[in-house]
Amino acid sequence: MNMLPGLGRLPLARDDVDRGTELRDDEQWLPTIWDQPNTRVLWLHGRTAPMYDGGLVLTAPAGELPDDAVYLGRSAEHTPQHSQFVDRDEEHVEIVLLIANSDTKAPWLEDPQVGGVVVDRPADIDWLGVSDIAPALNDRDVGIFVSGIAIANWHKVNKYCPRCGTRTELKTSGWVQICPKDGSEHFPRTDPAVIMLITDPDDRALLGNNKAWGDKRYSTLAGFVEPGESLEAAVKREVYEESQVIVDGVDYMGSQPWPFPQSLMLGYLGQTQHPEDAQADHEELAEVRWFSREELREEVESGRMFIPGAASIAHHLMRHWYGGPLPQPRTLEN
């Protein structure tokens with residue numbers, strides 16, 4: 001259930017879908033389930049998916065099986081808490097990913113359905129991104145959405161063999177690309193990135209303002225892991241590079257995928273004994289600041305500062321340090 005020490009269940013780390021990895025190698029698997037009544041299709045348009053009444057819109061297949069279809073797995077229907085591993089004899093839904101073209105967000109069928117509820121008009125459907133809706137989705141829909149976005153991003157930017165430049169072909173139900181010229185296999189990649197909240201002896205939190213964000217948004221520090229580097233070493237290196245702060249201790253807190261485009265975020269808490277060293281690198285970060293809980297509350301409630309949304313692991317690291325729900329901007333009374 002992805003229970004993470006101190007952070008709870010992170011929004012994008014929930015995945016109650018059986019990925020069916022043992023079924024992917026069968027070249028006839030997708031063609032076979034395409035015609036089955038329990039098969040449903042998830043459409044993606046860019047980084048958005050169709051939503052209706054708080055859930056993903058899954059439609060019945062129609063027409064011929066597209067060449068770029070990807071098998072996402074199966075979901076049980078017998079209980080509200082879906083099982084991550086589903087017996088084929090149980091009542092379940094097979095889920096296939098398709099990508100909408102650039103002109104239309106989906107070639108909608110008659111009477112698209114969401115969990116048995118008929119969507120009366122396409123206008124009733126909202127197209128939303130993962131970070132917009134993930135905290136409100138159930139575990140199954142989060143797992144489908146995140147996996148779909150991640151594999152779609154990989155296919156979008158990896159269409160040619162890196163060895164010879166030949167256009168690749170999809171195999172293993174969309175999870176492997178094979179070069180028809182040299183026979184090489186190419187698999188989806190995931191880039192590990194560390195994200196960390198650093199505290200000082202006064203239990204203040206170190207937050208940074210990225211130059212690309214504007215001057216009001218602050219978040220925890222983060223960076224990609226380099227080849228040959230441990231995760232703990234990456235935490236210390238990235239914090240030092242961005243803020244000149246030396247981290248003395250590191251504690252792992254949990255992880256979640258971040259398919260923008262293909263990262264796995266690994267969350268840490270860190271401590272330093274030398275907060276006075278903090279200064280921004282002015283290449284990536286425009287500013288770094290130490291915040292007490294009271295300072296964070298005042299800055300956020302006044303609107304002078306914005307913090308990460310609830311879908312991000314940064315939000316939950318900050319919430320863990322804050323000791324409860326993070327402050328929100330005050331609303332003006334009429």
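Residues numbered from 1 in each chain as written. Predicted model: local features only at pLDDT ≥ 70, side-chain atom pairs only at ≥ 80, totals over all residues. Heavy atoms only, no water.

## Some remarks on the packing of aromatic side chains
Thought 1: Per the counting criterion, the structure on display carries five aromatic pairs.
Thought 2: On the basis of an interplanar angle of 80° and a centroid distance of 4.8 Å, the ring pair of W258 and F260 is categorised as edge-to-face.
Thought 3: Owing to a relative accessible area of 23%, W258 belongs among the partly exposed residues under this scheme.
Thought 4: On the basis of relative accessibility, which here comes to 22%, the residue F260 falls in the partly exposed class.
Thought 5: The lysine or arginine in question, R167, covers the ring of Y160, its NZ or CZ lying 5.5 Å from the ring centre.
Thought 6: Residue placement shows R289 over the ring face of Y218; its charged tip is 5.8 Å from the ring centre. (Phe/Tyr/Trp six-rings, centres within 6.5 Å; stacked < 30°, edge-to-face > 60°. Buried < 20%, exposed > 50% of the residue type's maximum accessible area, 1.4 Å probe, protein only. Lys NZ or Arg CZ within 6 Å of the ring centre and 35° of its normal.)

## Some points on the pairing of strand β1 (residues 39–44)
A regular strand places its side chains on the two faces of the sheet in alternate fashion.
Thought 1: Of all six residues in β1, five are buried, a share of seventy percent or more.
Thought 2: Sheet topology note: the β1/strand β6 (residues 92–99) ladder contains six bridges and is parallel. Of the residues in β6, the one forming a bridge with L42 is L97. (Helix = DSSP H or I, 4+ residues; strand = E, 2+ residues; numbered from the N terminus. Pairing = 2+ DSSP bridges.)

## Description of the sheet that holds strand β3 (residues 55–56)
Thought 1: Taken in spatial order, the three strands make up an open sheet running β3-β2-β9, and their pairing is antiparallel. Looking at which strands have only one partner, the edges of the open sheet turn out to be β3 and β9 (126–129).
Thought 2: Pairing of strand β2 (residues 48–52) with β9, which is carried by four bridges, proceeds in the antiparallel orientation. Paired with T48 across the bridge in β9 is G129.

## Remarks on the sheet that holds strand β12 (residues 185–186)
Thought 1: Strand order in the open sheet formed by three strands is β10-β11-β12, with antiparallel pairing between adjacent strands. The open sheet has two edge strands with one neighbour each: β10 (169–171) and β12.

## As for the side chain of S219
Thought 1: Examined against the element boundaries, S219 turns out to sit in the loop between β14 (205–210) and β15 (221–224).
Thought 2: Dropping the residues within four chain positions of it, S219 is found in contact with L207, G208, W213, P308 and A314. (Contact = heavy atoms within 4.5 Å.)

## Comments concerning helix α5 (residues 293–301)
Thought 1: Three or more residues of α5 are buried, namely L296, E299, V300 and E301.
Thought 2: At its buried positions, α5 is contacted by β14, β18 (285–291) and α6 (313–322).
Thought 3: Positive phi appears at G303, one or two residues downstream of α5, with a value of about 85°.

## Details of the pattern of salt bridges
It is possible for side chains of opposite charge to pair when their charged atoms get near one another.
Thought 1: Per the counting criterion, the structure on display carries 17 salt bridges.
Thought 2: D191 is the salt-bridge partner of R189, the closest N and O atoms lying 2.6 Å from each other.
Thought 3: The exposure class assigned to D191 is buried, which follows from its relative accessible area of 16%.
Thought 4: Where E301 meets R330, a salt bridge forms, and the shortest distance between an N and an O atom there is 3.4 Å. One end of the pair, E301, is in helix α5; the other, R330, is in the segment after α6, and 29 residues separate them in sequence.
Thought 5: Given the relative accessible area of 19%, E301 is considered buried.
Thought 6: What emerges from the salt-bridge pattern is a single network uniting E226, E229, R237, E238 and E241. (Salt bridge = Lys/Arg side-chain N within 4 Å of Asp/Glu carboxyl O.)

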